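What the coordinates show
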Amino acid sequence: MHPLRKQRLQLVILIVVATTIVVGLVLYMLRENGNFFYTPEQIISGEAPQGVYLRAGGMVVDGSLKRADDSLWVQFQITDGVENLTVEHTGILPDLFTEGEAAIASGTVDENLVLQATEILAKHDENYTPPEVAEAMNEAYQRKQEALDGESSKELAGEKKYYLDNTK
Amino acid sequence: MSWQWFHRLGSPRWFYHNSARWLAWLCPIAAAVVLGGLVWGLAIAPEDAKQGNSFRIIYLHVPASFLALAGYYIMAIAGAVGLIWKMKLSYMVMKSAAPIGAALTFIALFSGAIWGKPTWGTYWVWDARITSMLILLFLYLGVMALQYAYHSIDAASKAGAILGLVGTVNIPIIYKSVDWWYTLHQPATIKFTSAPSMHPDMFQPLLVMIVGFYLFYAVALILHTRSEILRRERKTSWVRELLNEKNQDVADKKVGKS
């Protein structure tokens, strides 16, 4: 390679390496500030700021969804597997919002550690399954569970999550 | 190592003449693959158990995003080759890649917004994935703007190439953003290290669409580069001859008609 071209190649590499280091340091400084939401654990433990507008994200706990009869008020819990956070909201929920699925709620946490949400977003996962396949998996799961009859329900907890993820 | 082949590739005239032959077969293949993938993905593939038919926007969203990222590397590498070897054709490829990449990034953002409304419940949020993708659009637009910011083509090319190189740091950030931070956007379905988390009946048409978009990208880049070659080389004798031939053809046809 011609020495002049070699020099220019070195300059090109220097530009890329230098910007990577600079941007890398900026991102390292940002770390958690780049997160879109807090986990229930961060909010309950007091790591997240109180009384300010924030977002909380987690799985909607099975059986925790309560609706008012005469208004659009809803209450549910989200979990990160460590802590559960109660969320209250008045409004329409997104179509994909269901128990066992992830959701993100934005609002302020009150003194009872309840998130008074002004907006609820559904967070869907990266798995895509045709309805028949999802149904077949669900049936297989139910048969399996009937056979075991709660004998080793703890073992199945992980599997159950998978099936719930793949069925409505 | 002999660099002769490399310098021959850098001749705009050589590229202009040969790319016509490449396009002759590349165009129909690209059109067939994209059309086939669209029909397969939109009409034949099964719907998603949770999202229903709205998931089908993936067949546009993911291929456009793939090429928006890959196209940035193509633009940046073309710019680097221009900087190092002072190759005119390479700068022309860089300039042509910018608007194509910007359009693909816009398609990715726009189709994502349309997809977001029925699934997430919002068109837009400022999470790490979506924000870094918006920065990519601005980088493309910046390279485009720099092409028109200088009187001298050489200065414009150099400035564009340097911005292109600086921006390459954003590509791995976009790719890893869903793993590094909590985001609303879900993690990648297609991974380098493991099988896709998608049923094969749904994944196969997506793969066809990605291949189709790569072919489409190649066609668009070659076409754009060809017009850029004619524009920049308009004063050279071979372009003048080409133009005279074309004019002669048109004149002959007119005579033949009357």
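Here's what I pulled together on the structure shown here. (Residues numbered from 1 in each chain as written. Chains lettered and ligands numbered in written order. Predicted model: local features only at pLDDT ≥ 70, side-chain atom pairs only at ≥ 80, totals over all residues.)

Turning our attention to the overall build of chain B. The helix and strand inventory of chain B stands at nine helices and zero strands. Element order for chain B, N to C, with α for helix and β for strand: α-α-α-α-α-α-α-α-α. Residues counted as buried form 38% of the 258 residues belonging to chain B. Taking as baseline every contact in chain B between residues at least 6 positions apart, the subset at least 24 positions apart corresponds to 77%. (Helix = DSSP H or I, 4+ residues; strand = E, 2+ residues; numbered from the N terminus. Buried ≥ 20, exposed ≤ 12 C-beta atoms within 10 Å, placed from the backbone. Contact = placed C-beta atoms within 7 Å.)

What follows concerns helix α6 (residues 153-167) of chain B. Because each turn of an α-helix spans 3.6 residues, side chains separated by three or four positions end up pointing in the same direction. Look at α6 of chain B: 21 Å from first C-alpha to last across 15 residues, which is about the 21 Å you get at 1.5 Å a residue. Residues of α6 of chain B that are buried include every one of Ser157, Gly160, Ala161, Gly164, Leu165 and Gly167 of chain B, and no others. Buried residues of α6 of chain B, viewed axially, fall in a sector of 160 degrees; they line one side. Against the buried residues of α6 of chain B lie α1 (3-30) of chain A together with α3 (58-85), α4 (88-119), α5 (128-147) and α7 (170-180) of chain B. (Expected span 1.5 Å × (residues − 1). Arc of directions from axis to C-beta.)

Residue and element names in this part refer to chain A. Sheet topology places strand β4 (residues 84-90) next to strand β6 (residues 114-123); four bridges connect them, and they run parallel. Looking at the pairing, valine 87 lines up with leucine 115 of β6. Note: strand β5 (residues 102-109) against β6, eight bridges, orientation antiparallel. Of the residues in β6, the one forming a bridge with alanine 105 is isoleucine 120. (Pairing = 2+ DSSP bridges.)

It is worth spelling out the interface of chain A and chain B at this point. Taken together, the 35 residues of chain A in the interface contact 37 residues of chain B. Counting residues per element, the ones that place at least two in the side of chain A that touches chain B are α1, β6 and α3 (131-148) of chain A. With nine residues, α1 of chain A is the largest single contributor of residues to the side of chain A that touches chain B. Grouping the amino acids of the side of chain A that touches chain B by side-chain chemistry returns 18 nonpolar, 10 polar and seven charged. (Nonpolar A, V, L, I, M, F, W, Y, C, P; charged D, E, K, R; others polar.)

Residue and element names in this part refer to chain B. Relative to the helices and strands, tryptophan 124 resides in the loop between α4 and α5. Note on tryptophan 124: 15 C-beta atoms within 10 Å, which makes it partly exposed. Look past the residues within four positions of tryptophan 124 in its chain and what remains in contact with it is Ala113 and Ile130.

Further remarks concern the packing of α3 of chain B against α7 of chain B. Residue and element names in this part refer to chain B. As a packed pair, α3 and α7 sit with axes 10 Å apart at the nearest point and diverge in direction by 160 degrees. By the angle between their axes, α3 is roughly antiparallel relative to α7. Read as a crossing pair, α3 and α7 show a hand that is left-handed. Counting all contacts with α3, which are made through Leu69, Tyr72 and Tyr73, the residues of α7 involved are Ile171, Ile174 and Tyr175. Split into classes, the residues belonging to the contact of α3 with α7 amount to six nonpolar, no polar and no charged. (Axes fitted to C-alpha atoms, helices over the stretch in contact; angles between N-to-C directions. Parallel < 35°, antiparallel > 145°, perpendicular 65-115°, else oblique. Left-handed = near helix turned anticlockwise from the far one by under 90°.)

Moving on: the nonpolar core. Ala56, Ile78, Ala103 and Ala105 of chain A together with Ala68, Met75 and Ala97 of chain B are the most contacted members of the largest nonpolar core, which totals 83 residues. The dominant element in this core, judged by the number of residues it contributes, is α3 of chain B, at 17 residues. With sequence-adjacent residues up to four places away left out, alanine 68 of chain B is seen in contact with Gly101, Leu104, Thr105, Ala108 and Leu136 of chain B. (Core = buried A, V, L, I, M, F, W, Y, C linked by C-beta atoms within 7 Å.)

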